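Geometric and topological summary
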Amino acid sequence: MRLLIVDDEVIIRTGLASVIAWHELGIEILPPAASAEEALTRLAEEYPHILMTDIRMNGKSGLELAEEAQHLLPELEVIILSGYDDFSYAQQAIRNGVTDYLLKTSKPEEIIKTVLQAKGRITERWAEKSREGQLLRENRERKFARWVIEGQTNSGSCPSFLAFDEEHALPVQSIEQVSGNKRPVSRQVVVIEAEGWGRSSDALLRFAVQNMIEEVLPGTIAQVDKQYIVCVLPVASENEVSVYRIKEGIDRMEAWLKCSLRAVLGEPVNHSSELHRSYQTALLALQYRGLLDTKVWRYQEVNGKRGGKTVLTHEEETTLGTLLMDNDPVTLTTWIRELITRLIAEPDVTPGSYGACLHSVIIAGHRWLARTLQAIGREQPSRLEPWTPETDKKPAEIGDELFHHLYDVMQAYHSRMGLGQAAHVQKAIGYIENALAQDISLQQVAGQVHLHPGHLSELFKKEMGVTFGDFVTDMRIRRAMDMLVVSPAKVSEIATISGYEDVKYFSRLFKKHTGKTPSEYREQALAFKSSGS
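These figures come from a predicted structure and were not determined experimentally.

Moving on, we get to the overall build of the protein. When you go through the protein residue by residue, the secondary structure sums to 22 helices and 10 strands. Buried positions account for 46% of the 533 residues belonging to the protein. Carbon and sulfur atoms provide 50% of the accessible area of the protein, an area that totals close to 26700 Å².

So, about the sheet that holds strand S4 (residues 77-82). Judged by pairing direction, the sheet is parallel, and its 5 strands sit side by side in the order S2-S1-S3-S4-S5 without closing on themselves. Every other strand in the sheet has two partners, leaving strand S2 (28-29) and strand S5 (100-103) as the edge strands with one partner each. With 4 bridges joining them, strand S1 (residues 2-6) and strand S3 (residues 50-54) adopt parallel strand pairing. Paired with isoleucine 5 across the bridge in S3 is methionine 52.

Attention now moves to the side chain of serine 498. Along the chain, the position of serine 498 falls in the loop between helix H20 (491-497) and helix H21 (503-514). Among the polar contacts listed, one links the side chain of serine 498 to the backbone oxygen of isoleucine 494, at a separation of 2.8 Å.

Between side chains of opposite charge, a pair can form as their charged atoms come close. The tally for this structure, following the rule as stated, stands at 24 salt bridges. The salt bridge partner of lysine 104 is aspartate 54, with a shortest N-O separation of 3.0 Å. One end of the pair, lysine 104, is in the loop between S5 and helix H5 (108-129); the other, aspartate 54, is in strand S3, and 50 residues separate them in sequence. What makes lysine 104 partly exposed here is its relative accessible area of 31%. As a salt-bridge pair, lysine 60 and glutamate 68 come within 2.7 Å of each other at their nearest N and O atoms. Residue class for lysine 60 comes out partly exposed when judged on its relative accessible area of 27%. Given a relative accessible area of 31%, glutamate 68 falls into the partly exposed group.

Once that is clear, we can look at H21. Its 12 residues place the ends of H21 16 Å apart at the C-alpha level, agreeing with the 16 Å of an ideal helix rising 1.5 Å per residue. All of the buried residues along H21 are Phe506, Leu509 and Phe510. One side of H21 carries all its buried residues, which in axial view fall inside an arc of 105°. Those residues of H21 that are exposed and aimed more than 90 degrees away from the buried face are Lys504, Arg508 and Lys512. Its side-chain oxygen at 3.0 Å from the backbone nitrogen of lysine 504, aspartate 502 defines the N-terminal cap of H21.

Here we come to unusual backbone geometry. Located in the positive-phi region is lysine 258, a residue other than glycine, with phi close to 55°. Looking at where lysine 258 falls in the secondary structure, it is placed in the loop between helix H9 (239-257) and strand S9 (260-265). Despite not being glycine, asparagine 327 has its phi angle at roughly 60°, a positive value. Mapped onto the secondary structure, asparagine 327 falls in the loop between helix H12 (314-326) and helix H13 (329-345).

Note that glycine 430 resides in helix H16 (residues 420-434). Judged by its relative accessible area of 0%, glycine 430 falls in the buried class.

Grouped together as the largest cluster of nonpolar side chains are 77 residues, with contacts concentrated most on Leu162 and Ile432. Contacts of isoleucine 432, omitting those with residues within four sequence positions, involve Ile440, Val445, Phe460, Phe468, Phe471, Val472 and Met475.

Quick look at the confidence of the model for the protein now. The predicted model of the protein has a mean per-residue pLDDT of 84, with 88% of residues at 70 or higher. Contacts for the low-pLDDT stretch residues 165-184, under 50 throughout, to residues beyond four places or in other chains number 33 contacts.

The next thing to look at is the pairing of strand S6 (residues 186-195). Consecutive side chains along a regular strand alternate between the two faces of the sheet. Counting buried positions along S6 yields 9 of 10 residues, so the element is predominantly enclosed. One ladder, built from 7 bridges, connects S6 with strand S8 (residues 228-235); its direction is antiparallel. Paired with valine 189 across the bridge in S8 is valine 232. Bridging between S6 and S9 involves 6 bridges; their strand directions are antiparallel.

This part takes up the environment of glycine 469. Looking at where glycine 469 falls in the secondary structure, it is placed in helix H19 (residues 468-486). The class of glycine 469 is partly exposed, set by a relative accessible area of 39%. Distance in space between the C-alpha atoms of glycine 469 and leucine 442 is 7.9 Å, their sequence separation being 27 residues.

For the rest of this paragraph, the subject is the packing of H13 against helix H14 (residues 351-375). Across the interface, H13 lies against H14 with an axial gap of 10 Å and an inter-helix angle of 155°. Between H13 and H14, the crossing angle belongs to the class labelled roughly antiparallel. As for how H13 packs across H14, the hand of that crossing is right-handed. Along its contact with H13, which presents Trp335, Leu339, Ile340, Leu343 and Ile344, the element H14 presents Tyr354, Cys357, Leu358 and Val361. Across the contact of H13 with H14, the residue classes tally to 9 nonpolar, no polar and no charged.

Let us look at the sheet that holds S8. Pairing is mixed in the open sheet, where 5 strands are placed in the order S7-S8-S6-S9-S10. If you trace the sheet from one side to the other, it starts and ends with strand S7 (221-225) and strand S10 (296-298), each paired once. Across the sheet, the mean angle from the axis of one strand to that of its neighbour is 20°, orientation sign disregarded. Alignment of S9 against S10, held across 3 bridges, turns out to be parallel. Opposite valine 264, over in S10, you have tryptophan 297 as the bridge partner. Packed onto the sheet, helix H8 (residues 202-216) meets S6, S7, S8 and S9 and runs at close to 170° relative to S7. Along the sheet face, helix H10 (residues 275-286) touches S6, S7, S8, S9 and S10 and points at about 40° away from the line of S6.

So, how was this worked out
- Residues numbered from 1 in each chain as written.
- Predicted model: local features only at pLDDT ≥ 70, side-chain atom pairs only at ≥ 80, totals over all residues.
- Heavy atoms only, no water.
- Helix = DSSP H or I, 4+ residues; strand = E, 2+ residues; numbered from the N terminus.
- Buried < 20%, exposed > 50% of the residue type's maximum accessible area, 1.4 Å probe, protein only.
- Areas by Shrake-Rupley, 256 points an atom, 1.4 Å probe, with all protein chains shown as cover.
- Pairing = 2+ DSSP bridges.
- Polar contact = N/O pair within 3.5 Å; in protein donor to acceptor, adjacent residues only side chain to side chain.
- Salt bridge = Lys/Arg side-chain N within 4 Å of Asp/Glu carboxyl O.
- Expected span 1.5 Å × (residues − 1).
- Arc of directions from axis to C-beta.
- Core = buried A, V, L, I, M, F, W, Y, C linked by side-chain atoms within 4.5 Å.
- Contact = heavy atoms within 4.5 Å.
- pLDDT = per-residue confidence, 0-100.
- Axes fitted to C-alpha atoms, helices over the stretch in contact; angles between N-to-C directions.
- Parallel < 35°, antiparallel > 145°, perpendicular 65-115°, else oblique.
- Left-handed = near helix turned anticlockwise from the far one by under 90°.
- Nonpolar A, V, L, I, M, F, W, Y, C, P; charged D, E, K, R; others polar.

Pasting the structure below:
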């Protein structure tokens, strides 16, 4: 498809002709014309499909050129270039039949999009005029989808354009130059994801990548499928060669299309009937895009990962509770970022384990809120919206979403706090509830609520009717009572979780408060539950 640029300013016309890799977009750039008169003399011989012209030139204007050119070539696509001062003039031109309009200050990606849209319109007209060609293209696309994407390899013989057995070779230009071998030993499916032109132009960007990749990587068969570009590539005996070639191609396409690309290589296969398996492995590897800081990766790099951490440790839950209680969004943000960084750095992390651990953060936050409000006798909020992380998002996006959910939890707690002296006691109780498994001292809790230990002790006695130490012991015993009923954990484990390293001391204290040993209490509680059910 041929493009003719017309402008009487040599810097503009040569710049437009050279700054964009037109040939890699499937566009043949004709020598630029310096005037409308020159362009008109060349139209009949060079037959351009797209005309890009300045609106103001010496001699005939761009509008006059457009009108005469469309008389000669009725299907010519005309794109007008103008300065800001010509805006209303250019609008009138569009109403008079000019195809499109661009400011001279437009960025390269805007120019590329406009030309590709014109190319798309021309291609559609050609397809309408050649129904047979359209049917052939659609048939090829159906065969590609059925064989590679859907895996329906039992529905007939492999399409010739995909076959690479002994009788058929995938059409490849100069394989010896690519791999050093006489013929490729295998093929693999590569899935490419493109973004950067805005959601409304996503389809056009994928169309551009599909057009360009077959030029950048000779021998590639590419097809757009939903939000991806699916490619079948010949590979050399060493898979690293393929990675290098694709990285080089991705860099070139990003530079010219002003976009962001990611490519995932499926498992190499040795027969056309296995292409669907290569496609499936590429999709599996694509799920790791939020966990890898690279633009190109292979299925082999993520295959076999067993999964990393899936839940917060007790210490991390305690830290989270303290942050929520402190009402410090900045520190909470830092903690979230550090957690995500640690999770991604785990060698065996998978999207499943990553998502599970992030989800456990939300569960821990909700659990802290319910437990703490119950401890201070406050009404619990209506159920907060659940959150399921989309693990393929960038870490910063995931971190922002996680922060917003935890911030809601934090605000739900602080909005229910009282005022004055009672509020200090409530905050102290919330902290105690969150740190029962640790050593808890009056001085430590007083520091958390910013009071003198003696003053906090007096407030506790006044508000709760018991001393600080008796209150902590009572909370620990109550937690142990709950866990003995609902958890199969050993008595020694429950003692530790309740803040007592010495299980004998815990048992004596438990019996003093309840009249039964921990084992007797559990047996009686379980027997009561069984008889009730």
